[in-house]
Amino acid sequence: VAMLVVFAAITALPILGIVLLSLHSPDVPVSGFAWPDRLHFGNYARAFETAHFASYLASSLIVSGAVAAGTVLVSTLAGYAFGTMRFAGRDVLFYLLLAGLVIPFEAVIVPLYVEMRVAGLANTYFSVILPLIGVNAAFGTFWMRAYFRTVPRELIEAASLDGAGSLRILWRVLLPGARPALLTLVVLVFMWSWNEFLLPLVMLSREDLRTAPLGLAFFAGRYTTDIVGMAAAAVMVALPIVVLFVATHRRFVHGMWAGR
């Protein structure tokens, strides 16, 4: 228990430091881990308006939500096929799909940009959403396959004998019990997509399409002396993920065991 407390303190102190820094007066120099004399919540409103974070947060919500939905759909269908069906080349295809987990994303970013330009999708949300679905689908398929392999084979055979087709078995029989694993996958993919920086940086040049991490980087580069404002902006970028995790942490942990 003492070790867990130590690790929790090590993790929480930097976060607490950023939050405290964001609440200082912008006119007072701040050094080190200092408590503000008075809480200046106006720093958040100032950073929100100055950096146009309403547009950035909306873009991140669109991208992360679409990627999470697309990844769950593709991963559920693929994981169901790999986990419950027998067909020629199943293992070869599965391990070929897993290659997506070991190939560095940076290695394919240039040809990916060229392909998006040729397809006319550069500088659109699709240029970020589609590649992220492809990248996350490898992990998602591995995750859902692990869950479907834990389902008793007799349950699937009984549903098949009752006349249920493959999609009906998936929708009516298997998915109700897969909710914890699906929720965990949604949270993980949403978090990874929200924090993605390189792909939006390469694909999106229009300011109204920039995501929150990308907007934060541009804000930090433009207002290098506004340390308090940058801290407030960083808190706003991280807050949606923190709220999502706190709201779903019990089911998230349960889903980690369900998808093992």
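Since this is a predicted model, take the numbers as computed values, not measurements.

**Side note on the overall build of the protein**
- Counting secondary structure elements, the protein contains 12 helices and zero strands.
- Counting from the amino terminus, the protein carries its helices and strands in the arrangement α-α-α-α-α-α-α-α-α-α-α-α.
- Along the first, second and third principal axes, the C-alpha set of the protein runs to 75 × 55 × 30 Å.
- Counting the 260 residues in the protein, one finds 42% classified as buried.

**Observations regarding the pattern of salt bridges**
- Using the criterion set out here, one finds three salt bridges in the structure.
- Put simply, R90 and D91 hold a salt bridge, and the shortest N to O gap is 3.7 Å.
- For R90, a relative accessible area of 22% gives the class partly exposed.
- When the shortest N-O distance is used, the salt bridge between R153 and E157 registers 3.9 Å.

**Considering the packing of aromatic side chains**
- Counted by the stated rule, this structure contains 10 aromatic pairs.
- Between F53 and F219, the ring centres sit 6.4 Å apart and the planes meet at 70 degrees, which makes this aromatic pair edge-to-face. A residue pair is termed long-range when its members are at least 10 positions apart, and F53 in helix α3 (residues 53-84) and F219 in helix α11 (residues 212-222) qualify at 166 residues. Neither residue differs from the other here; F53 and F219 are each classed as buried.
- Taken together, the ring pairs connect F82, F87, F94 and Y95 into an aromatic cluster.
- Across the ring face of F218, the terminal group of R210 is positioned such that the distance to the ring centre comes to 3.8 Å.

**Considerations on unusual backbone geometry**
- At N123, a residue that is not glycine, the phi angle is positive and equals roughly 65 degrees.
- According to the relative accessible area criterion, N123 is buried, its value standing at 19%.

**A word on the side chain of T211**
- Within the secondary structure, T211 is located in the loop between α10 (198-203) and α11.
- Those residues in contact with T211 that sit more than four places away from it in its chain are Y56, S59, S60, V63, E196 and P200.

**Overview of helix α2 (residues 42-50)**
- Along α2, the residues that are buried comprise N43, Y44 and A47. Take α2 and look down its axis: the buried residues cluster within an arc of 100 degrees, on one side only.
- Positioned one or two residues after α2, H52 has a phi angle of 55 degrees, which is positive.

**Concerning the confidence of the model for the protein**
- Here the protein averages 86 in pLDDT, and 94% of its residues register 70 or above.
- Element-level mean pLDDT values for the protein span from 81 in helix α12 (residues 227-258) up to 94 in α3.

**Quick notes on the layout of surface pockets**
- By volume, the largest pocket amounts to about 370 Å³.
- Looking at the lining of the largest pocket, the elements that each hand over two or more residues are α5 (109-118) and α6 (126-148).
- Counting residues per element, the lining of the largest pocket draws most heavily on α6, at six residues.
- Taken together, the residues of the lining of the largest pocket sort by class into 13 nonpolar, three polar and one charged.
- Surrounding the second largest pocket, I15, I18, V19, A234, V235, A238, L239 and V242 form its lining.
- No other element matches α12, which puts five residues into the lining of the second largest pocket.

**A closer look at the nonpolar core**
- Of all hydrophobic cores here, the largest spans 55 residues; its most connected members are F53 and L199.
- It is α6 that contributes the most residues to this core, nine residues altogether.
- If we skip the residues at most four places from it in the chain, L199 touches F105, I109, L112, S127, V128, P131 and L132.

**What about the environment of A107?**
- In this structure, A107 sits in the loop between α4 (90-98) and α5.
- Each C-alpha atom, one on A107 and one on G89, is 27 Å from the other, the two residues being 18 residues apart in sequence.

Calculation rules
Residues numbered from 1 in each chain as written. Predicted model: local features only at pLDDT ≥ 70, side-chain atom pairs only at ≥ 80, totals over all residues. Heavy atoms only, no water. Helix = DSSP H or I, 4+ residues; strand = E, 2+ residues; numbered from the N terminus. Buried < 20%, exposed > 50% of the residue type's maximum accessible area, 1.4 Å probe, protein only. Salt bridge = Lys/Arg side-chain N within 4 Å of Asp/Glu carboxyl O. Phe/Tyr/Trp six-rings, centres within 6.5 Å; stacked < 30°, edge-to-face > 60°. Lys NZ or Arg CZ within 6 Å of the ring centre and 35° of its normal. Contact = heavy atoms within 4.5 Å. Arc of directions from axis to C-beta. pLDDT = per-residue confidence, 0-100. 1 Å grid on protein atoms, 1.4 Å probe; cavity = no way out; pocket = protein on both sides within 12 Å on 5 of 7 lines; lining within 4 Å. Points joined across faces, edges and corners; volume = space filled by probe spheres on them. Nonpolar A, V, L, I, M, F, W, Y, C, P; charged D, E, K, R; others polar. Core = buried A, V, L, I, M, F, W, Y, C linked by side-chain atoms within 4.5 Å.

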